[in-house]
Amino acid sequence: MSILVYTEHAGGAFKKSTYELLTYGRHLAAAMGTEMKVLAIGNVADAELNSLGKYGVSALMHANDAKLNDFNVRAYGSVLAQAAESTGAQVILISNTFSGKGMGPRAAARLKAAYVDNVIELANTANGFEVIKNAFSGKGFAHVSVKSAKKILAIVPNSYKVEAAEATVSIAPFSAELSDAAMNTKVREVKRATDKIALPDAELVVSAGRGLKGPENWGMVEELAELLGAATACSKPVSDADWRPHSEHVGQTGIAISPNLYIAIGISGAIQHLAGVSSSKTIVVINKDPEAPFFKAADYGIVGDAFEVVPKMIEAVKKLKAGTA
Ligand code: FAD
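Residues numbered from 1 in each chain as written. Predicted model: local features only at pLDDT ≥ 70, side-chain atom pairs only at ≥ 80, totals over all residues. Heavy atoms only, no water.

**Focus: the site of the ligand**
In the vicinity of the ligand, 26 residues are found, and the nearest of them are S235, T253, S268, Q272 and N287. Between Q272 and the ligand, the recorded distance is 2.8 Å, taken from a side-chain N or O atom to an oxygen atom. Across the complex, the protein chains shield 76% of the 980 Å² of accessible surface that the ligand would expose by itself. Across the shell around the ligand, the residue classes tally to six nonpolar, 14 polar and six charged. (Near = heavy atom within 4 Å. Polar contact = N/O pair within 3.5 Å; in protein donor to acceptor, adjacent residues only side chain to side chain. Areas by Shrake-Rupley, 256 points an atom, 1.4 Å probe, with all protein chains shown as cover. Nonpolar A, V, L, I, M, F, W, Y, C, P; charged D, E, K, R; others polar.)

Listed below in structure tokens is the structure:
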């Protein structure tokens, strides 16, 4: 019996959610009195694989077939299941990301494993196996008692604190069978927004909505985000109108995020928007309407015109960074 952690990466660089998962895996393995095994899939340099030693990884399996250079959900899901079979893993951990949520159910079907997504806390193994997950678009929590022998848990990024632990990584190649059915999708082109902080991984997010009137007014949003080292996001109508790219759309039909800080500028706070951002640790709302529903979900609220408030915030952050505040 063991725990298997899948280490997600983007273009060969591990994501922060992977370090969270490794910490979660280490803690769960200790609680269950078992060992943690680790799987990387695709083209990742040895130096990057070895860097996982900082998160307590000692034994790492690397499935590095050229066919796995591009992310392919069927093939990756199949490799994950095969790695679980070969290690006899009873608990498999993945990140609750687009890729993780694609791979997890496929691997679960093959392994006849239970699949629990949206997990936000370490499983309680004192009496059975219970996990807590976000439910009803983040408006509630569900306590799930998992009975089946094999379990796949998808952990929400930014819900588990990273802890360092020294280890020396030993890398073993993992050769998986890649059937024609698993390889029936061809990736023709990959377009990456490489110069930006990836929204699902961001700890700080500056987001804006229709209150900004038009795409020409996003300069101040980008400036504030850049000063804070934050990612930018937007409401659905903003991306529908092509003011901003769809990759920035957060909410029920967009990306669900849980950063440490979410600053919402000129966004009303409709239930579908809140569904994707209400797990943020701290929410700051700037809106000129004191009755805007978003204020009910806010930790801090500023009633005011975004075109006056945001430039003042930018000046304040600049002063703070220059040590002249
Ligand atoms: P508005 O509702 O127009 O609000 C603009 C806000 O800006 C207002 O509160 C206004 O007071 C404020 N404002 C105006 N001028 C200023 C100013 N100068 N300074 C400060 N504040 C100002 N929406 C999402 O965001 N994400 C989703 O995933 C999503 N999914 C949906 C799924 C379904 C099935 C449906 C039906 C809807 C979905 N929506 C989603 C749409 C959602 O219902 C809202 O219509 C949308 O979130 C509103 O966007 P908004 O807040 O930017 O715009």
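After presenting the structure, the write-up continues.
**Section: the side chain of S280**
Mapped onto the elements, S280 comes out in the loop between α7 (271–277) and β15 (282–287). At 2.6 Å, the side chain of S280 forms a polar contact with the backbone oxygen of V277. Non-local contacts of S280, meaning those with residues more than four positions away in its chain, are made with I257, S258, P259 and Y262. (Helix = DSSP H or I, 4+ residues; strand = E, 2+ residues; numbered from the N terminus. Contact = heavy atoms within 4.5 Å.)

**Brief notes about the pattern of salt bridges**
Applying the stated criterion across every chain yields a total of eleven salt bridges. The salt bridge partner of K16 is E20, with a shortest N-O separation of 2.8 Å. One end of the pair, K16, and the other, E20, are both in helix α1 (residues 16–32), four residues apart, so they sit about a helical turn from each other. Looking at K16, the relative accessible area reads 25%, which means it is partly exposed. E20 sits in the buried class, given a relative accessible area of 5%. In this structure, K133 and D117 form a salt bridge, with 2.9 Å as the shortest nitrogen-oxygen distance. A residue pair is termed long-range when its members are at least 10 positions apart, and K133 in strand β8 (residues 130–135) and D117 in strand β7 (residues 114–119) qualify at 16 residues. Among the residues examined, K133 registers a relative accessible area of 18% and is labelled buried. Through salt bridges that share partners, K16, E20 and E203 make up one connected network. (Salt bridge = Lys/Arg side-chain N within 4 Å of Asp/Glu carboxyl O. Buried < 20%, exposed > 50% of the residue type's maximum accessible area, 1.4 Å probe, protein only.)

**Quick word on the nonpolar core**
Within the largest apolar cluster, 31 residues are counted, with the highest numbers of intra-cluster contacts made by Y24, L93, V131 and L153. Contributing elements (two or more residues each) for this core: β1 (2–6), α1, β4 (35–41), β6 (89–95), β7 and β10 (151–155). With six residues, α1 is the single largest residue contributor to this core. Not counting the four nearest positions on each side in its chain, L93 is found in contact with I3, L4, V5, Y6, L21, Y24, G25, L28, L153 and I155. By size, the runner-up hydrophobic cluster in this structure holds 28 residues, among which are Y6, L68, V79 and I94. (Core = buried A, V, L, I, M, F, W, Y, C linked by side-chain atoms within 4.5 Å.)

**Some words on the packing of helix α5 (residues 219–228) against helix α8 (residues 306–322)**
One can describe the packing of α5 onto α8 by two numbers: an axis separation of 10 Å at closest approach and a directional angle of 25°. Classified by the angle their axes make, α5 and α8 are roughly parallel. Viewed along their axes, α5 and α8 form a crossing whose handedness is left-handed. For the pair α5 and α8, the contacting residues are M220, E223, L224, L227 and L228 in the first and A306, F307, V310, P311, M313, I314, V317, K318 and K321 in the second. In terms of residue class, the contact of α5 with α8 is made up of eleven nonpolar, no polar and three charged. (Axes fitted to C-alpha atoms, helices over the stretch in contact; angles between N-to-C directions. Parallel < 35°, antiparallel > 145°, perpendicular 65-115°, else oblique. Left-handed = near helix turned anticlockwise from the far one by under 90°.)

**Some remarks on the sheet that holds β15**
What holds strands together in a sheet is hydrogen bonding between their backbones, with the strands either parallel or antiparallel. Taking strand neighbours across the sheet as the criterion, the five strands line up as β13-β12-β14-β15-β16 in an open arrangement whose pairing is parallel. Bordering the open sheet on either side are β13 (231–234) and β16 (300–303), each of which pairs with just one other strand. When strand polarity is set aside, the average angle formed by the axes of neighbouring strands in this sheet is 15°. When strand β12 (residues 204–208) meets strand β14 (residues 261–265), the two strands line up parallel, connected through five bridges. Directly across from V206, in β14, lies its bridge partner I263. Relative to the sheet, α5 contacts β12, β13 and β14, its axis offset from that of β12 by approximately 175°. The sheet strands contacting α8 are β14, β15 and β16, and the helix crosses β15 at an angle near 135°. (Pairing = 2+ DSSP bridges.)

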